[in-house]
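# A closer look at the structure
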Amino acid sequence: MRVPLPHNEKNRLAMLQNSGILNTPLDHSYDDLVALAIHVCRMPIAAISLTDDSRQWLKSAHGLDFTEMARAHSFTAHAILEQDLFEVPDALADPRFAKLDIVTKSPFARFYAGAPILSKEGLAYGSVCVLDTKPGQLTTDQRDMLKHIANQAACQIELHREIREREQLLARIDASETRLRRAQKLAGVGDWMFELKTMTMSWSAQMYEIFGFNPIYGPPTLNQILSRYHREDVHEAEKAMKLSAQTGAPLDFDVRIVLPDGTLRWIHELGRVEFNDAGKPYRLVGATTDITERKKAAEEKAWMASIIDSCSDAVISVDGNGVVVSWNKAAETMTGFLANEMIGRSAAWLLLEHSSVTLQDLIDPVINDGESSKVVAKRRRRDGSWFDASASVSPICDSTGLITGVAAVVRDITNIKEAEAKLQSYAVQLEQQRDALSAANEKLEALATLDGLTGLKNHRCMQQSLQEEYHRHQRYGAPLSILMLDVDSFKTFNDAFGHPAGDDVLRAIADILTAACRDTDIVARYGGEEFLVILPNTELEGAVQHAERIRAEIENAAWTKRPITVSIGGCHAHRHLSASSLLECADEALYRSKLNGRNRVTCGCEALLDLAA
């Protein structure tokens, strides 16, 4: 029988693939959810299964010896069609599933219940399911808990999905920043100053790299610099520098240099003369640009512009008067304002809306102090929509070091802010889910170990506690005794006063036992009107004395209907007795107390020897 597809199957499969959860390694957090499903539903088999276009893949499972199976042969293919729990009481009686391999072969599943794991968009990743080898049905509480577990699995997968999307986003941002740093280094521009009177040179770090000099020896002399010039170009270079020094004409020429290893480079020298108060030239300042790949200054400028335009971040420069000087392609895309609309106009767009801060208030601190700053705020696009922007604002200096404006690198961080908000929300939801699971676990633990009427440990918990104390007795030789109590003539009390009154008596006896016993003693309701007290580190003599005190307290209690007494049988652990034989011995002693007139304590020594034999 062909299984129908969800109406949103295309979107569901895309979401599942984008989550990156398929074929991931083992994760104990999912194993814990499977273990919880087994514990809550009392089933031998449970799994967290995810369904792609052709298969069911198990993220975590217990009781199954496979990790995936064909989608068409799975229960989950049906479960993901639902928004609520999907339950199959008997698969062999259901024609949709009777011939499936999972039903006719190992593990021979007969019962199935699956809660869909839904994304925030309501699309199903798969299901949290439980299976049994016999027909069955979940209780209302079990159904609710299975759905809660599915919600928890959805939170885990959604968190994995959000983290993966954020990591991909951060990787793209890091790649963009790396490209920008590489581009800045590739610009290859160094600045220098030449004092005409002393014939000394000051160089920036990039100058040493361009000319191939070692910076540990300091700036080279003019002759050392000229020695790097190509012999065919050195004469024109000297001529241009002499003309600039004598007349104040700016330097602007291209020249070839030859490095010590024979490498040939083209550089562009651009400089100007600075004059003293007397109007005489006293200094040359300038910049040297490696234009090996681009000989012309105009080509170098176009190249730098293309690099900036290729950046994913908006790069905007503003002069000291708040007028836009540059506006790259990313700025156009990000804001919707074109470069020819913004260049030459006020950069008021950079201001916060509804703010009393002026444009000069924003620019002046950077220009006056020369310190970079970073601003994170909402910005409005041309179409009126808003986006979160992170702007790094830095001063722009001319060749003399004078700050003439500011440059802003603006990044759209809307997706990052949304991702952070979602991650925070999921973290809160996850914590809430964990608290709910913890409370549910505590409730389930109480239901599994305590007697509903008296609040004492129930029969199953008593058996486990007795085994633990018996093993401790065997291993360390510590004494161990038990007392078995039975309410005398309890049936006639119920017949006379009704079962509610009988329940009151059982609760009162439970309170007396709890108050009379030590913290290390274990008090349990054995069944019906019978109680059991496990006394670790207690010899039989001490156990009998303790039993007499309990018997007397119950006999002397203020009973409103009629006097209540109990018969007690005590027994001491012996190396020839097993834990179950110890119970039989105490039961035999209790029987003797009943036989000999009730309201008495009988030691199980004689029965112990008989059982040992």
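Provided above is the structure to which this section pertains.
A few points on the structure.

The rules we used
- Residues numbered from 1 in each chain as written.
- Predicted model: local features only at pLDDT ≥ 70, side-chain atom pairs only at ≥ 80, totals over all residues.
- Heavy atoms only, no water.
- Pairing = 2+ DSSP bridges.
- Helix = DSSP H or I, 4+ residues; strand = E, 2+ residues; numbered from the N terminus.
- Axes fitted to C-alpha atoms, helices over the stretch in contact; angles between N-to-C directions.
- Contact = heavy atoms within 4.5 Å.
- Parallel < 35°, antiparallel > 145°, perpendicular 65-115°, else oblique.
- Left-handed = near helix turned anticlockwise from the far one by under 90°.
- Nonpolar A, V, L, I, M, F, W, Y, C, P; charged D, E, K, R; others polar.
- Buried < 20%, exposed > 50% of the residue type's maximum accessible area, 1.4 Å probe, protein only.
- Core = buried A, V, L, I, M, F, W, Y, C linked by side-chain atoms within 4.5 Å.
- Arc of directions from axis to C-beta.
- Salt bridge = Lys/Arg side-chain N within 4 Å of Asp/Glu carboxyl O.
- Polar contact = N/O pair within 3.5 Å; in protein donor to acceptor, adjacent residues only side chain to side chain.

## Topic: the sheet that holds strand E17 (residues 480–487)
Reading across the sheet, the five strands line up as E18-E19-E17-E20-E21 and stay open at both edges, with mixed pairing between neighbours. The two strands at the open ends of the sheet, each matched to only one other strand, are strand E18 (522–527) and strand E21 (601–603). Pairs of neighbouring strands in the sheet enclose a mean axial angle of 20°, with direction left out of account. Sheet strands touched by helix H16 (residues 499–516): E17, E18, strand E19 (530–536) and strand E20 (566–572). Its angle to E19, the strand with the most contacts, is close to 10°. Sheet contacts for helix H18 (residues 579–595): E17, E18, E19, E20 and E21; angle to E20, the most-contacted strand, approximately 145°.

## Concerning the packing of H16 against helix H17 (residues 540–555)
Direction vectors running N to C along H16 and H17 enclose 140°, while the axes themselves pass 10 Å from each other. In terms of orientation, H16 lies oblique with respect to H17. The crossing of H16 and H17 is right-handed. Between H16, through Ile509, Ile512, Leu513 and Ala516, and H17, the contact on the second element is made entirely by His546, Ile550, Glu553 and Ile554. Its residues placed into classes, the contact of H16 with H17 shows six nonpolar, one polar and one charged.

## Remarks on the pairing of strand E13 (residues 324–327)
Consecutive side chains along a regular strand alternate between the two faces of the sheet. The pairing of strand E12 (residues 314–319) with E13 spans three bridges and is classified as antiparallel. Each residue of the ladder has a partner; that of Val318, found in E13, is Val324. Between E12 and E13, which pair antiparallel in sequence order, lie four residues; one of them, Gly322, sits at a positive phi of approximately 80°.

## Overview of unusual backbone geometry
Along the chain, Ser106 connects to Pro107 via a cis peptide bond; the corresponding omega equals 15°. Non-glycine residue Met199 carries a positive phi angle of around 60°. Tracing the backbone shows Met199 in the loop between strand E7 (189–195) and strand E8 (200–203). Among the residues examined, Met199 registers a relative accessible area of 44% and is labelled partly exposed.

## Some remarks on the nonpolar core
One recurring pattern in soluble globular proteins: nonpolar side chains tend to sit buried together. Core analysis: the biggest nonpolar cluster contains 35 residues, and Ile48, Leu50, Ile117, Val128, Val130, Leu138 and Leu146 have the highest contact counts within it. Counting residues per element, the ones that place at least two in this core are helix H1 (9–19), helix H2 (28–41), strand E1 (45–51), strand E5 (111–118), strand E6 (124–132) and helix H5 (140–186). No other element matches the eight residues that H2 contributes to this core. Non-local contacts of Val128, meaning those with residues more than four positions away in its chain, are made with Ala47, Ile48, Ala113, Gly114, Ala115, Ile117, Leu146, Ile149, Ala150 and Ala153. Counting 27 residues, the second-largest nonpolar core is a separate cluster that includes Val505, Ile509, Ala510 and Ile550.

## A look at H1
For H1, every residue scored as buried is listed here: Glu9, Arg12, Met15, Leu16 and Ser19. Looking straight down H1, one finds its buried side chains confined to an arc of 125°; they lie on one side. Immediately beyond the C-terminal end of H1, within one or two residues, lies Gly20, with a positive phi of roughly 70°.

## Let's talk about the pairing of E8
Burial along E8 is one-sided: the face carrying Met201 and Trp203 is buried and the face carrying Thr200 and Ser202 is not. For E7 and E8, the ladder comprises four bridges, and the chain directions are antiparallel. Counterpart to Glu195 in the pairing with E8 is Thr200. In this antiparallel pair of consecutive strands, E7 and E8, the connection spans four residues, and Met199 shows a positive phi of 60°.

## A look at the pattern of salt bridges
Pairs may arise between side chains of opposite charge once their charged atoms sit close together. Tallied over the full model, the rule gives 34 salt bridges. For Arg256, the salt bridge identified is with Asp233, shortest N-O distance 2.8 Å. A residue pair is termed long-range when its members are at least 10 positions apart, and Arg256 in strand E9 (residues 251–258) and Asp233 in the loop between helix H7 (222–228) and helix H8 (234–247) qualify at 23 residues. In this structure, Arg256 and Asp233 share a single accessibility class: buried. Ionic pairing is found between Lys491 and Asp495, a salt bridge with its closest N-O pair at 3.1 Å. Of this pair, Lys491 and Asp495 are both found in helix H15 (residues 490–497), four residues apart, which corresponds to roughly one turn of the helix.

## A short note on the side chain of Asn458
Positionally, Asn458 belongs in the loop between helix H13 (414–449) and helix H14 (459–476). A polar contact is formed between the side chain of Asn458 and the backbone nitrogen of Arg460, at a distance of 3.4 Å.

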